[in-house]
Amino acid sequence: MKRRKFIQRASLSGVGIITGSTALACKGEAGTSVSTTSTTVATTPMKPVVIATWNVEQAVTKAWEIIDRGGTAIDAIEAGCRVEEANAEGQSVGIGGLPDRDGNVTLDACIMNSEGEYGAVVYLQNFKHPISVARKVMEETPHVLLAGAGAEKFALSQGFRKENLLTEASEKAWKEWKIKSEYKPIINIENHDTIGMLAIDSEGNISGGCTTSGLAYKMAGRVGDSPIIGSGLFVDNEVGAATATGLGEEVLKTVGSFLIVELMRGGMSPQLACEEAVRRIVSKNTNYRDFQVGYIAVNKKGETGSYCIHPGFSVTVNRKAGRRIITAESHTKP
Ligand code: GLY
């Protein structure tokens, strides 16, 4: 963004101007926030930082509280993701997630720490915190990914409690869907899709997590990008991290999060790297108007980026200066 335009937008929004490296933050972070906890943003360090897909203020607040009191990025990620997983109103993550076409809520999640370790669960049923089970896979098993019944057996062995994840509202929505049984991915589902979260702690270490109930009314057994390393999430503590939301099949086919981290390794900013990852998807799909994909990224310096195919993807960022909800820029225009 041209500097003059940026200053105009910043002053119009009533938000103080961050000097120095501001232009390297998410496009929009400087002046288009729709809410902020801080109205006087002074020169601010770029890290520590927490960034998450969608408007998930409570989740990011939780993660930030841990970072702010000197906790680790991995603890912040797990705690932040758990907030959304426990929110029964959200129909795309954890309890209350919309089921597959057979009426089963199946959850996918992964987590990655600054050591490059990774843990994931796919097709997990009856446990509302897949992010925590994924962390246990990472820390307590010789494996990185557990699926279905095996993942559930492992969760039970780790003391997680089974519960019914299909809420009344989600069951009702599924029954209504069954009347026509039309499978059509929804763009920006209730403005709250897969939650991907990235954090840099005060030691400068990076971790990330990604948690989802996947696409509503998917085929039984379908797994998306979210739990797959390099697609829904990738962290390299030397370089940065990226995570994705939206139609997982397209993220998987382009290994989006790994792509973004590798582009950053080559010197690209997080913003341009997110834009390039979206461009790859758009250039390979003539039907890109029918689906959404959004990315967020952070580099080692704490600079952030976000980009999506269609308008409507929001991003939550928390730094020392405060918390902001940003509208990500998009390939198609409003
Ligand atoms: N991005 C989540 C999914 O496609 O399952």
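Residues numbered from 1 in each chain as written. Predicted model: local features only at pLDDT ≥ 70, side-chain atom pairs only at ≥ 80, totals over all residues. Heavy atoms only, no water.

## Focus on the environment of L272
Our working rule: Each helix is a run of DSSP H or I of at least 4 residues and each strand a run of E of at least 2, with the numbering of both proceeding from the N terminus.
Its place among the elements puts L272 in helix α9 (residues 270-284). Along the backbone, L272 and I260 are twelve residues apart, and their C-alpha atoms lie at a distance of 8.9 Å.

## A look at the site of the ligand
Quick note on the threshold: If a single non-hydrogen atom of a residue is within 4 Å of a molecule or strand, that residue counts as near it. Between N or O atoms, a polar contact is any pair within 3.5 Å; within protein, one atom must be a potential hydrogen donor and the other a potential acceptor, and residues adjacent in sequence are included only when both atoms are from side chains. Here the term charged refers only to Asp, Glu, Lys and Arg, the term nonpolar to Ala, Val, Leu, Ile, Met, Phe, Trp, Tyr, Cys and Pro, and the term polar to all other amino acids, Gly among them.
Lining the immediate environment of the ligand, one finds T194, G214, L215, R222, G224, D225, S226, G246 and G248. D225 is positioned with one of its side-chain polar atoms (N or O) 2.7 Å from a nitrogen atom of the ligand. Looking at side-chain class alone, the shell around the ligand contains one nonpolar, six polar and two charged residues.

## Digging into the confidence of the model for the chain
Selection rule: Per-residue confidence from the prediction method is given by pLDDT, with values spanning 0 to 100. It only takes one pair of heavy atoms within 4.5 Å for two residues to be counted as in contact.
For the chain, the average pLDDT comes to 88, and 84% of its residues sit at 70 or higher. Within the model, the stretch residues 1-23 combines pLDDT values under 50 with 30 contacts to residues more than four positions away or in other chains. This model gives residues 30-42 a pLDDT under 50, and the stretch forms 35 contacts once residues within four places in sequence are excluded.

## Focus: the nonpolar core
Soluble globular proteins tend to bury their nonpolar side chains together. Counted only if it meets this: We call a set of buried residues a nonpolar core when its members are Ala, Val, Leu, Ile, Met, Phe, Trp, Tyr or Cys and they connect through side-chain atoms within 4.5 Å of each other. Only protein chains enter the accessibility calculation, which uses a 1.4 Å probe; a residue whose area is less than 20% of its type maximum is buried, one above 50% is exposed, and one in between is partly exposed.
Judged by nonpolar contacts, the single largest core of 81 residues is most densely connected at V50, V121, M197, I260, V293, Y295 and I309. Excluding residues that lie within four positions of it along the chain, I309 makes contacts with V278, I281, V282, Y288, F291, Q292, V293, S330, H331 and T332.

## As for the sheet that holds strand β10 (residues 293-299)
Selection rule: Any two strands between which DSSP finds at least two bridges are classified as paired. An axis is simply a line fitted to the C-alpha atoms; with a helix, the fit covers only the stretch in contact. Between two such axes, the angle follows the N-to-C directions and lies from 0 to 180 degrees.
The strand order across the open sheet formed by five strands is β8-β9-β10-β11-β14, and the pairing between neighbours is mixed. Every other strand in the sheet has two partners, leaving β8 (233-236) and β14 (329-330) as the edge strands with one partner each. Pairing of strand β11 (residues 304-308) with β14, which is carried by two bridges, proceeds in the parallel orientation. When the sheet's bridge partners are listed, Y307 is paired in β14 with E329. On the sheet, helix α8 (residues 256-265) packs against β8, β9 (240-246) and β10 and is oriented at approximately 145 degrees with respect to β9.

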